[in-house]
Amino acid sequence: MNFSLSMEQKILRESVRNFAEAEIRPVARQLDETESFSYEITRAMAGLGLFGVFVSEEFGGQELDYLSYAIAVEELARVDASQAATVAAANSLGIGPIYYFGSDAQKRKYLPKLCSGETLWGFGLTEPDAGSDAGACRTRAVLDHDSWILSGSKIFITNASTDISAGVTVMAVTGERDDGHKELSCLLVETGTPGYTAQPMHGKMMWRASNTSTLYFDDCRIPKENLLGTRGKGFQQMLATLDGGRLSIGAMGLGGAQGGYEMALKYAQERRQFGRPISGFQVNAFKLADMALEIDCARLLLYRACWLRDQNLPFTKEAAMAKLHCSEVMGRVVNQAVQLHGGYGLMKEYDIERFYRDQKLLEIGEGTSEILRLIIARLVGAFA
Ligand SMILES: Cc1cc2nc3c(=O)[nH]c(=O)nc-3n(C[C@H](O)[C@H](O)[C@H](O)COP(=O)(O)OP(=O)(O)OC[C@H]3O[C@@H](n4cnc5c(N)ncnc54)[C@H](O)[C@@H]3O)c2cc1C
């Protein structure tokens, strides 16, 4: 086993870290407070090559491995979850389905601009009445000559209603299978399609500088050739997309935990009570030791899952474990980090307050912790 990163991966980590410290940290709190999606930071992250990380150069990507992608997301999340979310959703959920399942023509049409960060693309799976149970999808598309007529709605869709959102991949019911179950397929819906509206959602507790949208499809006419891959394979495409996406959510948990831990350590070394730094009280020193231990375990778990994916080996269970564990480790770390900050940790002047809020989504998005435990339980044969 080789635990060391390649020179390219080390350089990538350093450049994303330097960028996040210099360009994101100074504005993250204000963007959070004003719920502002930053086009400037998005452009700068694109300049760093953070869109299309795993896409081949032929389509405008960086052609790096998944571990590199996870490292980039981890470093963004170490400083700010919202910017990490923009990048993770753009790569895993926006670019991923088109890259892995799209036709050559679709890839040539959409990927270059998505990989340059000129445009963003959403992933429309969740509906008001179909969250964890995504198969309960009610959005429907009916074939009418050369077009699909799409109607329905989606909720909580990341990156779908910015000024640079070029479209969204939508899972819809396209018929009935021979066994009587729904036939589910994915369609590429471009922004500007008559009848398609994407509205930003406001008032989020977390990821407040990331774009989240409600989508409405009112008899939208979608060209037949905008079907993604094979008709009837929509559910499998979405599941495969979520496997990869979970690695990036795991990276967000890992990076957020790392950032929270560093804040806690620094604060505990500087804050003095009873005549000495609070880190010197054994109860607090042990908290910091546990944080360091849990983060190290989480990193090994996540990198192993990325490695499996990079070797084209099965990684569904390991990705679910990594996402579940990294997000819960971040939960425990930021909780103790706020505790170490005392009253100051509850104030917006301290970034740990934002980290505490931002963590919660990681236990809900791309498979709640309960659903991930179900997936793992199924894969270890618990229900056999
Ligand atoms: C900021 C944000 C961004 C998002 N981005 C996207 C996106 O880009 N694209 C997209 O498609 N979706 C997106 N989502 C949606 C997200 O994936 C869903 O919120 C998530 O899948 C959970 O669905 P739900 O909210 O409907 O909760 P529900 O499915 O209603 O779950 C509610 C509770 O019930 C539990 N539960 C449900 N079923 C079971 C079961 N069988 N056993 C045990 N417990 C169960 C859940 O674990 C949870 O605790 C986003 C959400 C947010 C908040």
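Because the structure is predicted, anything quoted here is derived from the model rather than measured.

Draft legend 1. Summary view of the nonpolar core. In this structure, Ile24, Met45, Leu76, Leu111, Trp207, Met252 and Leu302 are the most contacted members of the largest nonpolar core, which totals 96 residues. No other element matches the 13 residues that helix H6 (residues 234-270) contributes to this core. In contact with Trp207, not counting residues within four places along its chain, are Ala81, Ser82, Ala85, Ile249, Met252, Asp358, Leu361 and Leu362. Counting 16 residues, the second largest nonpolar core, distinct from the first, contains Ala160, Val168, Ala172 and Leu215.

Draft legend 2. Geometry of the site of the ligand. By nearness alone, 20 residues border the ligand, and Thr126, Ser132, Phe156, Thr368 and Glu370 come closest of all. Within the side chain of Thr158, a nitrogen or oxygen atom sits 2.8 Å from a nitrogen atom of the ligand. Backbone polar atom of Glu366 to an oxygen atom of the ligand: 3.5 Å apart, as the coordinates give it. Burial of the ligand by the surrounding chains reaches 64%, relative to a free accessible area of 980 Å². Given that more than half its atoms are within 2 Å of the pocket grid, the ligand belongs to the largest pocket. Looking at the shell around the ligand, the elements with two or more residues in it are strand E3 (147-158) and helix H10 (369-379). A class-by-class count of the residues in the shell around the ligand yields 10 nonpolar, seven polar and three charged.

Draft legend 3. Highlighting the pairing of E3. With nine of its 12 residues buried, E3 lies for the most part within the structure. Examined bridge by bridge, strand E2 (residues 140-144) and E3 share five bridges and lie antiparallel to one another. When the bridges of E3 are listed, Arg140 appears paired with Ser151. Following E2, the chain reverses through two residues before pairing antiparallel with E3; His145 in that reversal takes a positive phi of roughly 55°. Pairing analysis gives nine bridges linking E3 to strand E7 (residues 212-223), with the strands arranged antiparallel. Its bridge partner being in E7, Ile157 is matched across the sheet by Ser213.

What counts as what
Residues numbered from 1 in each chain as written. Predicted model: local features only at pLDDT ≥ 70, side-chain atom pairs only at ≥ 80, totals over all residues. Heavy atoms only, no water. Core = buried A, V, L, I, M, F, W, Y, C linked by side-chain atoms within 4.5 Å. Buried < 20%, exposed > 50% of the residue type's maximum accessible area, 1.4 Å probe, protein only. Helix = DSSP H or I, 4+ residues; strand = E, 2+ residues; numbered from the N terminus. Contact = heavy atoms within 4.5 Å. Near = heavy atom within 4 Å. Polar contact = N/O pair within 3.5 Å; in protein donor to acceptor, adjacent residues only side chain to side chain. Areas by Shrake-Rupley, 256 points an atom, 1.4 Å probe, with all protein chains shown as cover. 1 Å grid on protein atoms, 1.4 Å probe; cavity = no way out; pocket = protein on both sides within 12 Å on 5 of 7 lines; lining within 4 Å. Sits in = over half its atoms within 2 Å of the grid points. Nonpolar A, V, L, I, M, F, W, Y, C, P; charged D, E, K, R; others polar. Pairing = 2+ DSSP bridges.

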